[in-house]
Each structure stands twice: as structure tokens, then as C-alpha cells.
Amino acid sequence: MTRMTRRAFTLTALSALGTAAPGFPTALPERPVTAAAPGGLAGTPGGTGMRGVWLATVLNRDWPSRPGLAPAAQRAELTAHLDRAVRRRLNTVFLQVRPTADALWPSPYEPWCAYLSGTQGEDPGWDPLGTAVAEAHARGLALHAWFNPYRIANHTDPDRLAASHPARAHPDWVVSYGGRLHYNPGLPEVRAFVQRAMLDAVARYPVDGVHFDDYFYPYPEDGQTFDDDEAYDRHGDAFTSRAAWRRDNIDRLVRETAAGVARVRPGTPFGISPFGVWRNASSDARGSDTRAGVQTYDDLYADTRTWVRKHWIDYVVPQLYWHIGDADADYATLVDWWADTVSGTGTRLYVGEALYKAGAADEPSAWQDPVELSRHLTLAARRPEVDGHVFFAAKDVAEDPVGAMARVAADHYR
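These remarks concern the structure in this document. Remember, predicted model here, so these are calculated numbers, not experimental data.

### A look at the overall build of the protein
Link 1 in the chain: Along the backbone of the protein there are 14 helices and 11 strands.
Link 2 in the chain: Across the 414 residues in the protein, those meeting the buried criterion constitute 60%.
Link 3 in the chain: Roughly 15100 Å² of accessible area belongs to the protein as shown, and the carbon and sulfur atoms make up 48% of that amount.

### Things to note about the packing of aromatic side chains
The description of an aromatic ring pair uses the distance of the two centres, along with the angle that the planes make with each other.
Link 1 in the chain: Within the structure shown, the criterion is met by 25 aromatic pairs.
Link 2 in the chain: Taking 5.3 Å as the distance between ring centres and 75 degrees as the angle between the ring planes, the aromatic pair formed by Tyr 217 and Tyr 301 counts as edge-to-face. Linking Tyr 217 in the loop between β7 (209-212) and α7 (229-235) with Tyr 301 in the loop between α9 (296-300) and α10 (304-309), this pair joins segments that are 84 residues apart in sequence. The pair formed by Tyr 217 and Tyr 301 is uniform in burial state, with each residue classed as buried.

### As for the side chain of Arg 247
Link 1 in the chain: By the secondary structure assignment, Arg 247 is in helix α8 (residues 242-264).
Link 2 in the chain: Put simply, Arg 247 is tucked away with no salt bridge, and the nearest opposite charge, on Asp 298, sits 5.0 Å away.
Link 3 in the chain: With sequence-adjacent residues up to four places away left out, Arg 247 is seen in contact with Tyr 297, Asp 298, Tyr 301 and Asp 303.

### A word on the nonpolar core
Link 1 in the chain: Within the largest apolar cluster, 125 residues are counted, with the highest numbers of intra-cluster contacts made by Leu 129, Phe 147, Tyr 183, Trp 307 and Phe 391.
Link 2 in the chain: Here this core takes nine residues from helix α6 (residues 188-204), the largest share from any one element.
Link 3 in the chain: Contact partners of Leu 129, with chain neighbours within four places excluded, come to Leu 95, Val 97, Leu 104, Trp 105, Leu 143, Ala 201 and Tyr 205.

### Focus: the pairing of strand β5 (residues 174-177)
Each regular strand carries side chains that alternate between the two faces of the sheet.
Link 1 in the chain: Only one face of β5 is buried, namely the one carrying Val 175 and Tyr 177, since none of Val 174 and Ser 176 on the opposite face is buried.
Link 2 in the chain: Pairing of β5 with strand β6 (residues 180-183) involves four bridges; the strand directions are antiparallel. Counterpart to Val 175 in the pairing with β6 is His 182.
Link 3 in the chain: Hairpin connection between β5 and β6: a loop of two residues separates the two successive antiparallel strands, and Gly 178 in this loop has a positive phi of roughly 60 degrees.

Criteria and thresholds
- Throughout, a residue's number is its position along its own chain's written sequence, starting from 1.
- Where totals are concerned, whole chains, interfaces and linings use all residues; where local detail is concerned, this predicted model gives features only for residues with pLDDT of at least 70, and gives and counts side-chain atom pairs only at 80 or more.
- Excluded from the side-chain calculation are hydrogens and water; included are all heavy atoms of the structure.
- Counting from the N terminus, the helices are DSSP H or I runs at least four residues long and the strands are E runs at least two residues long.
- A 1.4 Å probe rolled over the protein chains alone gives each residue an accessible area, and that area as a share of the maximum for its type sets the label: buried under 20%, exposed over 50%, partly exposed in between.
- A 1.4 Å probe and the Shrake-Rupley method give the accessible areas. Residues count as covered only by the protein chains that appear here.
- Between rings of Phe, Tyr and Trp, where Trp is taken as its six-membered ring, a pair exists when centres lie within 6.5 Å; planes separated by under 30 degrees are stacked, by over 60 edge-to-face, and by other angles tilted.
- In this tally Asp and Glu are treated as negative and Lys and Arg as positive; neither His nor the chain ends contributes.
- A pair is scored as a salt bridge if a Lys or Arg side-chain nitrogen falls within 4 Å of a carboxyl oxygen belonging to Asp or Glu.
- Should any heavy atoms of two residues lie within 4.5 Å, those residues are counted as being in contact.
- In these notes, a set of buried Ala, Val, Leu, Ile, Met, Phe, Trp, Tyr and Cys residues joined through side-chain atoms within 4.5 Å is what counts as a nonpolar core.
- Note on pairing: two strands pair once DSSP finds at least 2 bridges between them.

Written out as C-alpha cells, the structure is:
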């Protein structure tokens, strides 16, 4: 089977909290007494800076290896990933616990995840998130709960969703775009609901961090329009453009989620791993000297620079998935841009690293060199604002076809 690239994976997988969505519980569970996070820096054990890995569950990318495994087999695969992280001297795992508006814990708001049993809504017979937190902590690892706020499904057929799925109860919340179903970020009731669903996990489990990935409004598709006309007509009067309104919708999600995390689990860091280019300098003098085909500000309506500068988030993990010297988006250029952006803000900077590209046949020669990623860490170390790295993803830590991860551990994680 051809190895799935991060870009292919990206393309394939794509009101206040007190406002209850009709038909759903109105209160979060009471916050339990929690154990201290295992280590030094908030959310990262040992005071060594971030040494993280993403563990993706969407499409069974990293784990479980396939749907329908017995609970004991799923648990064994999960703990093998955790053990491998320890052997590679990593300290943090970002576990994707809400990949498609479903859950890897017994949620009162959303059905069980299909990537566990093979059938959305079917109880897998164990509690993956609770187990992951306990097993990570037993190994001295931090566990950040990774959520995708708005993706519903990697198809466009609502009838394929579990009968209990909120998207079936509220079809007016749903937009079909790019071959996928998405919740509409422009509806306050959607924003309230997705926060309530996500914060349920944060309240229940002593997670060491709360994490969003790069999906807000979906990545643009040629010739297609994200149909939010009705929502814009109802809620967009105060804005000069639809783009400004969309950015405000995402800004509100970020600010409100940060406040919710602080309320239900004080001291727990909240961070986001956006696509690595905010804006090219050709679009905005404050942008990076890049020529990226996607800009989060313009295409995903995610004003990542503002979130950092205003310290709405505790940490940012820009996905700098380019090699040193890339003609359109040089890794070195982007490390400097992000370091300058976080400087003086209090927002921590961890760099997202494209381990999945190392040795991949369809990548340029730089990625065939097992030392490329190690060079990234050496280069980033000259900027004190960089407080660590996160690697995509767990399956690639396991396979490590050209030894790039082994080289990183040997050179930097002694």
C-alpha cells in the first residue's frame, strides 16, 4: 500500500457555553479532583521542552490499525505506541479523540467513534481516552486530547451517520463541501454545541492539554462554494465582508474554548497546530517571505497570528512541513517568522515536523536524507522562542523507514 502523505491525509480527512443545543444535556459534568500533570512545564513532563507526537485516529491513520479489533488488541496497539514514544525519548502524545464529530470516550453528546468498532455509535467495550490518560501517565508521558471541532464525516451522506448523531437531528447545522460533511461555524448554536461536546472530555479526564488541529473552515476546493448564505444573512450584518465574519466566528470559537478549558480544568494548556503559513508577505507586509498556495487567514479564516499575539492560546504548533531551502516555503524562514511572532506574547512555540515525509518516495531529495529532520532541530535551537517539536505522526515513528526519527533521538534527545 502506498504511504499516505500528510497532504493527502489532510485532503481526505478533512453564543456562550451556557446556551444548550436542543435535545442535548445542559450541564458539563462537575470537574473532578485531578492528579498533577507528570512533570515540569505545563503539559510537558520533565522540563525538557516539548518532544511530542501526534497519534491520529481518523481513517485509522495511526491507531487502531483497523476498525473492529477486540478491546484487548486495541489496547495493546495503543500501549505499544506509548512505549515507542518513551523509547524515542518523547514526552507528550497528542491523541485524536474526536476525529469526525464522534467520541473515543462515553460521551452523552455524540456517538462512539466508527474507527473503533467499525460502526459509528457502537460501544467498543472499553474507554480508550481514559485508558490512554492512565497509561500515558504511568509511563511519564503527558497526554493532550486532540479535537477536530467542525468535521462531521469524510463523505456526504447523512444517512450513513449513526441514528443518534446530532447532525441528523439538526440537518440545518450541516454543510456539504469538498466531498465531506461539516458543521457550519457561522451558527452560534453549533459553536456552543461543539464546545460542550469537547469540554465533556476535558472535564471527565485529567488530560494534560487540549489541542485543535488545522481544520476550521475547510481547505478550499476549486469550483466549489461553502454554502453559508443563510447563516451570513442572519448573523453577518455587523461585518464589512463575509471573510471578516467567518474569521470572527473562528476567533470566538478559540476564545470561548480557552475560557471553557480554564473553567473546567484550570491550568490545563490549550493549543492549536495550524497550517504553517499565516499570510504570504505579498498579501500582507506582516506575513512570511513565502509563496504558499494556502494562507490560513484568507483560506481557512483562521487568524493564527492574532491568536498568538493576543495570547488567546497557550501554545501554537505551526505545521512547518517543508524542508530547509524549499523555494516556496523555506523551513528556516518560517521558523524565524513564528519565533518573531510569539516573541513577548507568553504563547509557547512548538514546531510541527513532517516525519511522514522522511523517506517517502514522492518527496524531493531533501526528504530522502535521514539527517534532514535532525537539521531542523539544530536550526530551530538557535531561536530561544522555540520550546520543542511535535512529529507527525505515530505510525511514522514506528516505521521510520530511513531512520530519521532514530537520528533525531540520537542527536537531540539524549
